[in-house]
Amino acid sequence: MEKQVTWVAYLLGLTCLCTGLAHRNPVPSCDQHMFDSHVHNLCLPDFNKSMEANGYLDRCPWPTVKCFYDKLKHCVDDWAMASFCKGTGFQLDEIFLQVHETYFSLCGLITDPPLITLIAIISPCIIFTLLLPALCVYLTTWNTEMPSSLGL
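Residues numbered from 1 in each chain as written. Predicted model: local features only at pLDDT ≥ 70, side-chain atom pairs only at ≥ 80, totals over all residues. Heavy atoms only, no water.

## Some thoughts on helix α4 (residues 91-103)
Phase 1 of the analysis: If you check α4, its first and last C-alpha atoms are 18 Å apart, about what 13 residues at 1.5 Å a residue would give, namely 18 Å.
Phase 2 of the analysis: Every buried residue belonging to α4 is among Q91, L92, I95, F96, V99 and Y103, and all of these are buried. Along the long axis of α4, the arc covered by the buried residues comes to 125°, so they all point the same way. The exposed residues of α4 that point more than 90 degrees off its buried face are E94, L97 and E101.
Phase 3 of the analysis: At its buried positions, α4 is contacted by α2 (32-53) and α3 (66-82). (Helix = DSSP H or I, 4+ residues; strand = E, 2+ residues; numbered from the N terminus. Expected span 1.5 Å × (residues − 1). Buried < 20%, exposed > 50% of the residue type's maximum accessible area, 1.4 Å probe, protein only. Arc of directions from axis to C-beta. Contact = heavy atoms within 4.5 Å.)

Right, dumping it as structure tokens:
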């Protein structure tokens, strides 16, 4: 009986210790004003200037502006973390949705190449695949003796 009381005391002490260590400080709420002001005054103007210099109205600017987009993403993420707004709503999504609607609207208009171009690209692979077994047979048998030449 004494062993059971000792085990219960240890378990009770361990439970109290664990729950005491699990106490966390509360996370501050999202400072929406700080997030909006810093993103709209620091992050977006730099990105807007770089996009205007790349001619986004004429063509899809994506491959050439990836570094500017990455800088914008890092800047917005940093301010979201600093203002405790990361993961608390759709602020980040709304900013990037606005950016995509403004600057990348032409990027979805990519079409397939003409049929003759596709045929010119694909046909050599198909022809090579069909002729490869014949080439292998020829290369493995061109220097072998035929059974009729052995004198049988």
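## Focus: the state of the cysteines
Phase 1 of the analysis: As enumerated under the stated definition, the model contains 3 disulfides in all.
Phase 2 of the analysis: What pairs with C43 in a disulfide is C75, and their sulfur atoms sit 1.8 Å apart. Taking the sign of the S-S torsion, about -70° here, the bridge from C43 to C75 comes out left-handed. Residue C43 is found in helix α2, and its partner C75 is found in helix α3; the two are separated by 32 residues along the sequence. (Disulfide = S-S within 2.5 Å.)

Any functional reading would require information that these geometric values do not contain.
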